[in-house]
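# Report on the structure
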Amino acid sequence: MFKPVSPKLDVTEMENTILKYWKEQEIFKKTGLERSGKPEYVFYEGPPTANGKPGVHHVEARAFKDMFPRYKIMRGFHVSRRGGWDTHGLPVEIEIEKKHGFTNKQQIEDYGIAKFNEECRKSVFDYIQDWEKLTDRIAFWVDLKEAYVTYTNDYIESVWWILKNFWEKGLLYQGYKVVPYCPRCGTPLSDHEVAQGYAEAKDPSVFVRLPLVDVPNTSLLIWTTTPWTLPGNVAVAAHPDVDYVTIERELPEGGKERLIIAKLLLEKVFGDEQVNIIETFKGKKLDHFQYQPLFTFMPPDKPAHFVVMGDFVTTEDGTGLVHMAPAFGAEDMQAAIKYDLPILMTVDADGTFKPEITPWKGQFVKDADPFILKDLQARGLLFRSEIFTHTYPFCWRCDTPLLYYARGTWYIRTSQVKDRLVEINRNNINWVPAHVKEGRFGNWLENNIDWALGRERFWGTPLPVWECKECKHQECIGSVAELSQKTGQDQSELDLHRPYVDDIQWSCPECDSPMLRVPELIDVWFYSGSMPVAQLHYPFENQELFKNQFPADYICEAVDQTRGWFYSLHAISTMLFDSESYKNVVCLGLVLDRDGQKMSKSRGTAVDPWDILNVSGADAFRWYFYTSGPPHAERRFSPDLVTEIVRSFTLTLWNVYSFFVTYANLDNPVVKENFQPDNELDKWLLSTLNVLVRDVTRAYEEYDVTGATRPIEAFVEN
Ligand SMILES: [Zn+2]
Ligand SMILES: [Zn+2]
């Protein structure tokens, strides 16, 4: 007899009964115990931050994260899948800043770093119960009891060990470079953070005259979209081999003027206007031509305001003459080094003009743009000014427009291992979808630049470099034991966060002056990328376990992590072990609202996952993600898509089963093993079933999600 079932199915009640059974019988734990000693299958959890409620896209990620480990358990593997929580960095700090209404760093220092950091520490688990409850309900099997937490001393110590390793290999260095910088957060950002924050922006597009000193009535014409950098101008770059022209034009107010621009850009700049070409020549003729400075707020301490030669000058936009402000542009800085130009730092760390820039001192530089243009206009130097729309980088955390800004900061020399980054990705990592390998991720690696590591913030892993106050001798610390040895005191109880770690000092071995820690923290992406090592407190503990659990067989996150976690994992393991840190990676697409827009709480288009779970259950919710498109597809989500799955798939399956039970019990059949059917229809059914098993297994092995799920749906419907 089969257990009779009601033809009416309550999916949520059924799921809750199963969840209860799993919990009571500790099924998840048993899947680990029963497979101990079996071949290992390793999943790494990209750690979410639990300081906000989980949304629909978290259900998406967790459904896909669960899929392959669950399959591998069924195939007889021992699967390690430890949870993790990201607990440091700006996302956390910004929530606390909001709570207190802080708008800048000084307010945090006045409030007290110890108190501020304590609140950060507490807040990171504000929503942990929401996360645990959701994780349970959607049946994502991951070990949250043993989850790694990035703020623990053990985790930080492992990160220090990695940094010390890089220090000894000469991969950790301090440089004065132009970096993308968030003036509100008061910290530089890494290249991969910048890549996550591009948005459309309206900015001025202006053409400015720079009158030549030795050629009367003739000006260089330059173009810029950042007028606020003009007070920092020290040179103009021209391409030595490009054709330039001197043109003569009528001035609207009467009289004539002569302007120099690249020949190819004549039409773009002057359009239909009639201009006379006076002379055509190669850019090299302009080398060292002097022009009158636009502003004289900061007198340069070296020769400046002349034309330099640059291969980076193009004739795609502008005038072919590039305004150079070395404090605010990477190419400008290169030219400054080559030509020994002065660097005029006109802007303070908070993004406002310095006092020397008298008319606009204290003003946020981008807000000063219109006033700068007015000033140029009044002096007859503004040729044309328009507003144009382009993509501009914004801070990924606080939406402030970033400034490119020269600062001394710390770097990881990833460019030195670029070839290995590329090769290891090419040879050892399986990407789903495949095109990401050479496309989005491969291109990113090909264009690798050094990793800007330093963050001038409060709540995070301190950079373990100490520097002598006097002679600037530096030491990098790789463990708590080393710190104890340096200071001659047991530091094992020390909280490795600011401000406590900043109090640790010792005498410089070179000159006996105090050694102080440098002020920086490190990029959060660096320590989420350190998790293979740091989650096990390797190499201080778990040496054997680490060997068993590195690299991962499987990771899975949103596709934008090619510049986030996918990259930081890959860069760190390449530099540390010359190895990949994951073998298979599934990229997920965005979940949008039903109109194809980003879900937004303020517009009321955000869907609460519980509204789905309480009506349609977790299986249908997960099934929707598996079958509605390949993992990387963008999904336009609305709750009725999940109810539709319950109707068309779950209930069909249930009806078949309930029908079968009813009639089977009437017939009271004898159940035989190794049944050999005579009936044609039975033969067909068994054959179809075996084909299904074969195809689905094959698809699972190839990380083909739709291939492993859609045929099951088709089978049930047939
Ligand atoms: Zn910011
Ligand atoms: Zn010293």
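A few words on the packing of helix α1 (residues 11-25) against helix α20 (residues 609-627). Viewed as axis vectors pointing N to C, α1 and α20 meet at an angle of 60°, and their least axial separation amounts to 8 Å. As the angle between them shows, α1 and α20 are arranged oblique. The chirality of how α1 crosses α20 is left-handed. Residues Val11, Thr12 and Glu15 of α1 lie in contact with α20, whose contacting residues are Leu613, Asn614, Val615, Ser616, Gly617, Ala618 and Asp619.

Looking now at unusual backbone geometry. Glycine aside, a negative phi is what most residues show, and trans is what most peptide bonds show. Put simply, valine 432 and proline 433 share a cis peptide bond, and its omega is 5°. Tracing the sequence through the fold places proline 433 in the loop between β16 (430-432) and α14 (435-446). At the junction of tyrosine 538 and proline 539, the peptide bond is cis and its omega measures out at 0° in the coordinates. Summarising the element assignment, proline 539 is placed in the loop between α17 (531-534) and α18 (543-548). The backbone of aspartate 512 shows a phi angle near 75°, a positive value even though the residue is not glycine. You can see aspartate 512 is positioned in the loop between β21 (506-507) and β22 (514-517). You can call aspartate 512 exposed: its relative accessible area is 61%.

Once that is clear, we can look at the domain arrangement of the protein chain. Its domain assignment divides the protein chain into domain 1 (198-393) and domain 2 (670-718). One C-alpha centre belongs to domain 1, the other to domain 2; they are set 70 Å apart.

Let's shift gears to the coordination of the zinc ion (ligand 2). Coordination of the zinc ion (ligand 2) by the protein involves Cys468 (SG), Cys471 (SG), Cys508 (SG) and Cys511 (SG), with metal-donor separations of 2.2 to 2.4 Å. Each donor residue of the zinc ion (ligand 2) lies on one chain, and together they are spaced C-x2-C-x36-C-x2-C. Remark: cysteine 511 occurs in the loop between β21 and β22 and cysteine 471 occurs in the loop between β19 (465-468) and β20 (474-476); sequence separation between them is 40 residues. The exposure class of cysteine 511 is partly exposed, given its relative accessible area of 33%.

Time to look at the sheet that holds β19. Here we have four strands laid out as an open sheet, ordered β20-β19-β22-β21, and antiparallel in their pairing. The outermost strands of the open sheet, each flanked by one partner alone, are β20 and β21. Pairing analysis gives two bridges linking β21 to β22, with the strands arranged antiparallel. Each bridged residue has a counterpart across the sheet, and for serine 507 the counterpart in β22 is proline 514. Of the strands in this sheet, β19 and β20 touch helix α8 (residues 153-168), which is tilted by about 130° from β20.

With that out of the way, let us pick up the coordination of the zinc ion (ligand 1). Protein-derived coordination of the zinc ion (ligand 1) comes from Cys182 (SG), Cys185 (SG), Cys395 (SG) and Cys398 (SG), at a distance range of 2.2 to 2.3 Å. What the four donor atoms of the zinc ion (ligand 1) show is an angle range of 105 to 121° at the metal, which sorts the shape as tetrahedral. Read N to C, the donor residues that coordinate the zinc ion (ligand 1) are spaced as C-x2-C-x209-C-x2-C. Residue cysteine 182 is found in strand β4 (residues 172-182), and its partner cysteine 398 is found in the loop between β14 (382-393) and β15 (403-412); the two are separated by 216 residues along the sequence.

Residues of β22 alternate between two faces, with Met515 and Arg517 buried on one and Pro514 and Leu516 left unburied on the opposite face. Bridge count for β19 against β22 is three bridges, and the pairing is antiparallel. Note that in β22 the partner of cysteine 468 across the bridge is methionine 515. Count of turn residues in the β21/β22 antiparallel hairpin: six residues, of which aspartate 512 carries a positive phi of about 75°.

Basis of the calculations
Position labels on residues start from 1 in each chain and follow its written sequence. Going through the entries in the order they are written, you letter the chains from A and number the ligands from 1. Reporting in this predicted model follows two pLDDT cut-offs: at least 70 for local features of residues, and 80 or more for side-chain atom pairs to be given and counted; totals over whole chains, interfaces and linings ignore these cut-offs and use all residues. Only hydrogens and water are set aside; all other atoms, that is, all heavy atoms of the structure, feed into the side-chain values. Simply put, an axis is a line fit to the C-alpha atoms, just over the touching stretch for a helix, and the angle between two N-to-C directions goes from 0 to 180 degrees. Numbering of helices and strands runs from the N terminus, with a helix taken as a DSSP run of H or I at least four residues long and a strand as a DSSP run of E at least two residues long. In these notes the angle categories are as follows: under 35 degrees is roughly parallel, over 145 is roughly antiparallel, 65 to 115 is roughly perpendicular, and the rest is oblique. The handedness criterion is simple: a crossing whose near helix is rotated anticlockwise from the far helix by less than a right angle is left-handed, and one whose near helix is rotated clockwise is right-handed. Between two residues, a contact is recorded if the distance between any of their heavy atoms is within 4.5 Å. Only protein chains enter the calculation, and the probe is 1.4 Å; a residue is then buried if its accessible area is under 20% of its type maximum, exposed if over 50%, and partly exposed in between. Reported domain spans reflect what an automatic or database domain assignment gives. Each metal's donors are the N, O and S atoms within 2.8 Å of it, or within 3.2 Å when it is Na, K or Ca, and because water is not part of the set, sites may look incomplete. A pair of strands is considered paired only if DSSP assigns at least 2 bridges between the two. Square planar and octahedral sites, with four and six donors, are those where opposite donors lie more than 155 degrees apart and all other angles lie between 65 and 115, tetrahedral sites have four donors with every angle between 85 and 135 degrees, and the rest are irregular.

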